[in-house]
Structure formats: structure tokens, C-alpha cells
Amino acid sequence: MRKLLVVFMLIGMMLSGCVYVNMDVENKPVPGADFNGLKTFAFKQKSDSKKDLEAILLNTAKLELEAKGFSYDPNSPDFMVVVNFGSKAFMERGVTYKREAYEYDYISKTNTDIGVVKTADAPRVDNTVRIYLMTPEDEGMKTYLWRGMATSQDREGLDIVGRCLVKGALSQFPTASGKFRQKLNVRDCE
């Protein structure tokens, strides 16, 4: 019996290392934006209700930008980083629900919004991370320099795949422009 338990534990550990996040990435640098003269960055936090998750995603963005040669400087940054994130799913009392479910109405021959369904009925969760890089000027005068977005459909929510989405969105920064596919192992995003 113990040997069987050990075998199942080993199989579970091996399978947990094989979880990949397939994502669609879209990068939109502003025409004429030159990142060669920009060396430092800081963050602007947006979400009060999801501070813990936002801090994790911002830290991942910090590590990615530092790996690309930029330095974190909250006092005099060359550009600001904002991370917006969302998921079309939420948990309530241990059950995950998906938002924005639609059902075809045969009487009116249109799609009808049915609100919320259990994830057993909607097996995938749409996760999105948007990253904005902008000048550090005041709110009325901000200028966007670069925008990136990564979207995935997974069984897990942003608390699991969010780091990978941030890495994916910044993987081609600042050079690539356009849409492309990215695949990352969840283990590589920790």
C-alpha cells in the first residue's frame, strides 16, 4: 500500500511540472518610441482590492525588465509600468464560476447572456494581463510608450498563470510589434 502511494505521489509531481500556459500575445509599441535612452522604471499600482496579486505580477514585471537591462528607480523613473489584469472567472465558497456565459435563444434567435455558470459547465478560464509603459508625468499628461497584452484560456486563474502571462507579454519587449503565440511552463514562471 505504501509503495502504491509513493508511485501516485511521484506521478503527481511529474505531471505538475508539465503544465504549460499557451497564450496569445499582442505588443503595440508607439511609433517613434525609442527605448535606447530609457534606463529606469517604476510602478504605478491600480488595484486596491487585489493588492496581493498585483504585487506578484508587478514583481514578475520587475524581474523581466531588469533581465532586459532596465533598473528599478521609484524616485526618478524614465517610464512607469502599469499592470492591469482580469479573469472571466471567480471563486465563491470553493466553487469556481465563469462570467459572461452565453446561450443561444432559439425563440429570438440571438445569444442570451445567462450571467454566471459553474466551471464544470465552462471548463476554461479566460485570463488577461495588460501592461502599459508610459511617461512618468502627471495623470493628465501621460504619454503611452508601449502596450502589451497576453491572454490565455486555462483551467487555472490568474493566481496560477498570471506570472507566465506577464513574462509572455514582456518576452518580445521592446523589439517585436504585432501578434504572436507564446508557450511557457508554469514552473519557469515562479
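Predicted model, so just to flag it, every value in this text is computed and none were measured. (Residues numbered from 1 in each chain as written. Predicted model: local features only at pLDDT ≥ 70, side-chain atom pairs only at ≥ 80, totals over all residues. Heavy atoms only, no water.)

Student: Could you give an account of the nonpolar core, naming the residues involved and the relevant values?
Tutor: Among the nonpolar cores identified, the biggest contains 34 residues, and Phe79, Val81 and Ile131 are the most heavily contacted of them. Elements supplying a minimum of two residues to this core: β1 (20–29), β2 (40–43), α2 (51–67), β4 (79–87), β8 (125–134), β9 (144–154) and α3 (158–170). The greatest single-element share of this core, amounting to 7 residues, is contributed by α3. If we skip the residues at most four places from it in the chain, Phe79 touches Leu38, Thr40, Phe41, Ala42, Leu65, Phe70, Leu133, Met134, Pro136 and Leu145. Residues Ala42, Met80, Val82 and Tyr132 belong to the second largest nonpolar core, which totals 5 residues. (Core = buried A, V, L, I, M, F, W, Y, C linked by side-chain atoms within 4.5 Å. Buried < 20%, exposed > 50% of the residue type's maximum accessible area, 1.4 Å probe, protein only. Helix = DSSP H or I, 4+ residues; strand = E, 2+ residues; numbered from the N terminus. Contact = heavy atoms within 4.5 Å.)

Student: Tell me about the packing of aromatic side chains, residues and numbers included.
Tutor: Inspection of every chain in the model, using the stated rule, returns 10 aromatic pairs. A ring pair is formed by Phe35 and Phe173, whose centres lie 5.0 Å apart and whose planes are at 80°; its orientation type is edge-to-face. Placement of Phe35 in the loop between β1 and β2 and of Phe173 in the loop between α3 and β10 (178–185) is noted, with a sequence separation of 138 residues between them. Between Phe41 and Phe43 the ring centres are 5.6 Å apart and the planes differ by 70°, which places this aromatic pair in the edge-to-face class. Residue Phe41 shares its accessibility class with Phe43, and that shared class is buried. A network of ring pairs unites the aromatic residues Phe35, Phe41, Phe43, Phe70, Tyr72, Phe79, Trp146 and Phe173 as a single cluster. The residue whose ring lies beneath Lys183 is Tyr20, and the NZ or CZ to ring-centre distance is 4.8 Å. (Phe/Tyr/Trp six-rings, centres within 6.5 Å; stacked < 30°, edge-to-face > 60°. Lys NZ or Arg CZ within 6 Å of the ring centre and 35° of its normal.)

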